[in-house]
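As a plain string of letters, each chain reads:
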There are 2 protein chains.
Amino acid sequence: MSFRVTILGSASARPTGNRHPSAQVVNIHEQYYLVDAGEGTQQQLIRYGINPLKLQAVFISHLHGDHVFGLFPLISTLGLYGRRTPLAVYAPAPFGELLDHHLRYFDNDLPYQVEWHEVRTTEHSLLFENRTLEVWSVPLRHRVPCAGFLFREKQPPLNVDKFKITKYMLSIAQIAAAKRGEDLVLESGEVIPNAELTYRPYQPRSYAYLSDTNFSAKAATLCTGVDLMYHEATYAAKEQRDARDRGHSTTIDAAKAAIKAQAGRLVIGHYSSRYKDENLLVEEARTLFPETYPANEGTTFTIEKQR
Amino acid sequence: MSFRVTILGSASARPTGNRHPSAQVVNIHEQYYLVDAGEGTQQQLIRYGINPLKLQAVFISHLHGDHVFGLFPLISTLGLYGRRTPLAVYAPAPFGELLDHHLRYFDNDLPYQVEWHEVRTTEHSLLFENRTLEVWSVPLRHRVPCAGFLFREKQPPLNVDKFKITKYMLSIAQIAAAKRGEDLVLESGEVIPNAELTYRPYQPRSYAYLSDTNFSAKAATLCTGVDLMYHEATYAAKEQRDARDRGHSTTIDAAKAAIKAQAGRLVIGHYSSRYKDENLLVEEARTLFPETYPANEGTTFTIEKQR
């Protein structure tokens, strides 16, 4: 029942010798999702022991090169690996045109389908859903259409208390009914409320990825109660003007978003190449939001289960 | 008067955790040329201390992703750096279509020109020339149109022997005439042949880049006398069939090409991901051509001047 985020890239558009452009892998119940795909993503996956064939879906926030140039080489390599399973890509328009171009010139015999699903970047919409997970778009404020992504674990199924099974000598049918949330009616006519029989094994967990963006109270509010928030912090606080003009955030913007969302923890990244040491940025954010941590290549943030 | 080749990538199409796809930088008289540009090229440049802004021209052998996916992110970054000098790209068709697409979707306000020059991959043609260098295409045998590149230093200007200047009390005009290759006519009518007055400061040096290809005696012959030859060796000798079927070479093919060309040294690379240790491949090639060396990320091969 994993819920983990691994940072593949922490840089902004200008690369440095040791920082890679934006990319992350979200692992939820051993299903792997790629979030943004800057240049070098496939090598970073291999470096950190993540089999690229395991990727279920890709979420691209916006069509700036430092968030998407690594996707096309990855698509090619998955073909070389012989992938057969379709790969879903959630990305803003006109991603379909980029994909068509790529397939025409580089992968006209790809052995699997790449299925583009358009992300409408002005809407808070349910993009993806399976038995255990929902992924929602979060409108962001950048120079081009851009959306963040909110990964929300669904309510896990109810567990039935072992002691209550014994106490009431529940039949298999009664246990199944309790798991469905039904109350128990005893032969005496007494009603045992479902809440007395069952419990949630853990609280649903959540992760928000917010990059690239100016501070947005609306985006933060859409993520209210999130356990872990990644928010870009391209600039230090004193570069507020650069941040605003370029559609980016400062450390303080990121911290404010985490406060607004009542987030559990904040991870900052997308550092401008001018900062050799990201700890200065983390310290700044911590003045407002102490639970701030740096995105660094290879770092994994785990959200533990809580009752 | 440098003549150096730095390896940025030694891998074939499937990336590994530590090998990068094909890319090299050729430094001739402190002019920098990029040869192929697999994913991650810009970061490799920075890693090995080569300022991307110094690149004069780019030579792309063929339009497979592992040789070209790194060029587009580099083009974007040079724009961020504020490049104004045009960048010449020598590449086979339809590179122009790839470039148009890239500029339209990612760099519609690039502050410099990218000038595509078509490489006709069936011709041995002079592609590029300046005061000190010629670059020639070398037709190769791959699954798609593909050309290697032969970098040939021009004959350096004649130097006039200091002792002869004193002996014959040469005037400035006479020295200039000797540098132009003229004989000296003394007042007595005696003719001193130019060869007695002058010498070449060094022999012109040369480098051949041959990737991707089946063994080609014709390509090797076009590189006759080359000081340093890079030849792909994707496979070990026993995988000759894979090599032939996929338009690639074995270690033995590479060694044969070096022998045929009477090369000074051979560098092999483009290793299949199945080989964890490239030294096995080098040892195989050395059984035929002892002066074989491995391409490894960050390794620089220098061709020293020789009289």
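One can find the structure itself at the top, above this paragraph.
Residues numbered from 1 in each chain as written. Chains lettered and ligands numbered in written order. Predicted model: local features only at pLDDT ≥ 70, side-chain atom pairs only at ≥ 80, totals over all residues. Heavy atoms only, no water.

Asks: Whenever I open this one, the packing of aromatic side chains confuses me. Can you help?
Replies: For any pair of aromatic rings, geometry is given as the distance between the ring centres together with the angle between the planes. Overall, the coordinates contain 26 aromatic pairs over all chains when judged by the stated rule. Geometrically, the ring pair formed by Phe59(A) and Tyr90(A) is stacked, given 4.8 Å between the ring centres and 10 degrees between the ring planes. Linking Phe59(A) in strand S4 (residues 55-59) with Tyr90(A) in strand S5 (residues 87-91), this pair joins segments that are 31 residues apart in sequence. Both residues of the pair, Phe59(A) and Tyr90(A), count as buried. Seen in terms of ring centroids, Phe59(B) and Phe128(B) are 6.2 Å apart; in terms of plane orientation they differ by 90 degrees. Their pairing is edge-to-face. Note that Phe59(B) is positioned in strand S4 (residues 55-59) and Phe128(B) in strand S7 (residues 126-129), a separation of 69 residues in sequence. Pairwise contacts between aromatic rings join Tyr33(A), Phe59(A), Tyr90(A), Phe128(A), Phe149(A), Phe151(A) and Tyr207(A) into one cluster. (Phe/Tyr/Trp six-rings, centres within 6.5 Å; stacked < 30°, edge-to-face > 60°. Helix = DSSP H or I, 4+ residues; strand = E, 2+ residues; numbered from the N terminus. Buried < 20%, exposed > 50% of the residue type's maximum accessible area, 1.4 Å probe, protein only.)

Asks: Would you explain the interface of chain B and chain A in this entry?
Replies: You'll often see interface size given as the accessible area lost when the parts meet. Across the contact, 34 residues belong to chain B and 34 residues belong to chain A. Roughly 2,700 Å² of surface becomes buried between chain B and chain A when both sides are summed, with 62% attributable to carbon and sulfur atoms. Per-residue buried area on chain B facing chain A is highest for Glu39(B), Phe69(B) and Phe106(B); these three make up 24% of the total on that side. Here chain B is connected to chain A by zero salt bridges. Counting every contact that joins chain B to chain A gives 17 residue pairs in polar contact (both at pLDDT 80 or more). (Contact = heavy atoms within 4.5 Å. Buried area = accessible area lost by both parts, 1.4 Å probe. Salt bridge = Lys/Arg side-chain N within 4 Å of Asp/Glu carboxyl O. Polar contact = N/O pair within 3.5 Å; in protein donor to acceptor, adjacent residues only side chain to side chain.)

Asks: Can you walk me through empty space enclosed by the protein in this structure?
Replies: Empty space among the atoms becomes apparent when a probe as large as a water molecule is rolled across them. Scanning the model with the defined rule gives two cavities of 30 Å³ or more in all. Volume-wise, the largest cavity comes out at about 240 Å³. Around the largest cavity, the lining comprises 14 residues; the ones closest to its centre are Phe72(A), His101(A), Phe69(B), Phe72(B) and His101(B). At the level of secondary structure, the elements contributing two or more residues to the lining of the largest cavity comprise helix H3 (71-80) and helix H4 (95-106) of chain A together with helix H3 (71-80) and helix H4 (95-106) of chain B. Within the lining of the largest cavity, the residues separate by chemical class into ten nonpolar, four polar and no charged. The volume enclosed by the second largest cavity comes to roughly 30 Å³. Leu140(B), Leu210(B), Thr213(B), Asn214(B), Phe215(B), Ser216(B), Ala219(B), Ala220(B), His231(B) and Ala257(B) together form the lining of the second largest cavity. Its residues assigned to classes, the lining of the second largest cavity shows six nonpolar, four polar and no charged. (1 Å grid on protein atoms, 1.4 Å probe; cavity = no way out; pocket = protein on both sides within 12 Å on 5 of 7 lines; lining within 4 Å. Points joined across faces, edges and corners; volume = space filled by probe spheres on them. Nonpolar A, V, L, I, M, F, W, Y, C, P; charged D, E, K, R; others polar.)

Just distances and angles here, no functional claims.
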